[in-house]
Structure formats: structure tokens, C-alpha cells
Amino acid sequence: MTPNPHSLRHRPGQPGARVAALLLLVLLATPAFAQQGSGPALPVEITADRAEMDERQGLGTYTGDVIVIRGDMTLEADKVYVRTRDRRPYEMEAHGEPARLESPDPETGEMRIATALRIDYLLNEDRMILTDQAHVITSREEARGKRITYDLTTDVIEAERGEGDSERVRITIQPRDDE
């Protein structure tokens, strides 16, 4: 789906179609969005009520029912910032009530779900930092806490409670079905 240039906010002298094309090229250029393993690059689709790209600052801002889809990964949020360096995205910061990221486990194919009021996705490290009402569900465990760091490559989850937070971290470990 091609972004609608009429919905993009742009600076005077910058045609909306140019901003939309630049944004799409920037997102397609990132290796972090590349399909795991070898294979062709998959397209990135971002839909939102509003989008703005500041090329000099390397920051794209998307607001209003934002959905980012890349292959099997889906991110849904109220607002998403995409930070770029040398026209390559390296971080997405998502805010929502809650923001939600879904991605299949590369080994099992089962869906991994992460939700929080804020999700920082460090693309080059394939790691997420979930803050405030953080919740991660995998086929093996479920974790809740004030802050969760989740390494998608190693499938390691670290959960913390907040400073002075009376609610403790909660982990549920799913038993394996041995056949």
C-alpha cells in the first residue's frame, strides 16, 4: 500500500509525494527490517492518520492509529517515532494505551506478543525495552513488570519493578508438553 501524500504534513518547498517516497525508501533500506536468514527484502507498510519526516534530524513521526507491518512483525500504537542515521532506521519508539508488537518465534512459529505504554525497539540489536505496564507473552513464559527488556534473538526476558513500586514482577513458566 502506498502512503497517501495528501495525509502527510510537509514543509514548504517539499512536495508531499517526495516525502512519502523518501520515507518508504528509508524504511526499506534497513537491515533490521530484513527477513531473517537469506532471502529477498520484504516491504514495510506504515499506516497512520498523520506522518512527518524530518530528514535533517533523522526522525519520522507517525500519529493516530499507527500500524507498522514488516513481514510477520506488526506494531500497533497511538504514536511512533522512527529514528534514522544515514537514512537507515535504528530505533522505533512506540506509545499507546498500550502499544503492541507481535512477532512469530523463528523456531516455533508461535506468536510472541509484547505490550506496554512505551516500547523502544532497538533495530540493530533486535531488542525491545518495554516501560510502564510491560507485558510479554511467549510460548514458554509470560512476564509482567514496570520495565521489561526482551532480546528477540536470544529470547531472553529481564523484568523489573519500578522504584518504590509495590507491584512485584510476575513470571509464569509454561510446562512443556513432552510427547
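Above this text is the structure in question.
Keep in mind that what you see is a predicted model, and the values were worked out from it rather than measured. (Residues numbered from 1 in each chain as written. Predicted model: local features only at pLDDT ≥ 70, side-chain atom pairs only at ≥ 80, totals over all residues. Heavy atoms only, no water.)

Asks: Please explain unusual backbone geometry as it appears in this structure.
Replies: Phi is mostly negative for residues that are not glycine, and the peptide bonds are mostly trans. Along the chain, Glu97 connects to Pro98 via a cis peptide bond; the corresponding omega equals 0°. Considering the arrangement of structural elements, one finds Pro98 in strand β5 (residues 88-104). Here the phi dihedral of Asp126 falls at roughly 50°; this positive angle occurs in a residue that is not glycine. Along the chain, Asp126 turns up in the loop between β6 (111-122) and β7 (127-137). According to the relative accessible area criterion, Asp126 is buried, its value standing at 17%. (Helix = DSSP H or I, 4+ residues; strand = E, 2+ residues; numbered from the N terminus. Buried < 20%, exposed > 50% of the residue type's maximum accessible area, 1.4 Å probe, protein only.)

Asks: Sorry, what's going on with the pairing of strand β2 (residues 50-54) here?
Replies: Walk down a regular strand and you will see the side chains alternate between the two sheet faces. Most of β2 is tucked away: four of the five residues are buried. The pairing of β2 with strand β3 (residues 59-70) spans five bridges and is classified as antiparallel. From the neighbouring strand, Met53 faces β3, where its bridge partner is Gly60. Count of turn residues in the β2/β3 antiparallel hairpin: four residues, of which Gly58 carries a positive phi of about 70°. (Pairing = 2+ DSSP bridges.)

Asks: Please clarify how a negative patch on the surface should be interpreted in this entry.
Replies: A cluster of acidic residues, Asp49, Asp65, Asp78 and Glu97, forms a negative patch on the protein surface. Its relative accessible area of 67% is what places Glu97 among the exposed residues. (Patch = residues over 30% accessible without salt bridge, like charges linked within 9 Å, V, L, I, M, F, W, Y side chains within 5 Å. Areas by Shrake-Rupley, 256 points an atom, 1.4 Å probe, with all protein chains shown as cover. Salt bridge = Lys/Arg side-chain N within 4 Å of Asp/Glu carboxyl O. Lys, Arg positive; Asp, Glu negative; His and termini not counted. Charge placed at Lys NZ, Arg CZ, Asp CG, Glu CD.)

Asks: Honestly, the environment of Ile67 in this entry has me stumped. Any pointers?
Replies: Looking at the element boundaries, Ile67 is found in strand β3. Owing to a relative accessible area of 30%, Ile67 belongs among the partly exposed residues under this scheme. In this structure the C-alpha to C-alpha distance between Ile67 and Arg100, which are 33 residues apart in sequence, comes to 9.7 Å. Excluding residues within four positions of it along the chain, Ile67 makes contact with Glu45, Ile46, Thr47, Thr74, Leu75 and Glu76. (Contact = heavy atoms within 4.5 Å.)

Asks: Mind showing me how you'd approach a nonpolar patch on the surface here?
Replies: Taken together, the side chains of Val169, Ile171 and Ile173 present a nonpolar region at the surface, about 280 Å² in accessible area. In this structure, Val169 sits in the loop between β9 (156-160) and β10 (170-173). A relative accessible area of 30% means that Val169 is categorised as partly exposed.

Asks: Can you help me understand the nonpolar core in this one?
Replies: As a rule of thumb, soluble globular proteins bury nonpolar side chains together. The biggest cluster of nonpolar side chains holds 27 residues, and the ones touching the most others in it are Leu75, Met92, Ile119, Met128 and Leu130. The set of elements that each furnish at least two residues to this core consists of β3, β4 (73-85), β5, β6, β7 and β8 (141-151). A total of five residues in this core trace back to one element, the largest contributor, which is β4. Setting aside its immediate chain neighbours within four residues, Ile119 contacts Met92, Glu93, Ala94, Ala99, Arg100, Leu101, Ala114, Met128, Ile129 and Leu130. (Core = buried A, V, L, I, M, F, W, Y, C linked by side-chain atoms within 4.5 Å.)

Asks: Would you explain the packing of aromatic side chains in this entry?
Replies: What describes a pair of aromatic rings is the distance from one ring centre to the other and the angle between the planes of the rings. A full pass over the atoms with the stated rule returns zero aromatic pairs. Sitting over the ring of Tyr90, Arg85 keeps its end group 3.9 Å from the ring centre. (Phe/Tyr/Trp six-rings, centres within 6.5 Å; stacked < 30°, edge-to-face > 60°. Lys NZ or Arg CZ within 6 Å of the ring centre and 35° of its normal.)

Asks: How do you make sense of the pairing of β7 when you look at a structure like this?
Replies: The pairing of β6 with β7 spans eight bridges and is antiparallel. Of the residues in β7, the one forming a bridge with Ile119 is Leu130. In this antiparallel pair of consecutive strands, β6 and β7, the connection spans four residues, and Asp126 shows a positive phi of 50°. Bridging between β7 and β8 involves nine bridges; their strand directions are antiparallel.

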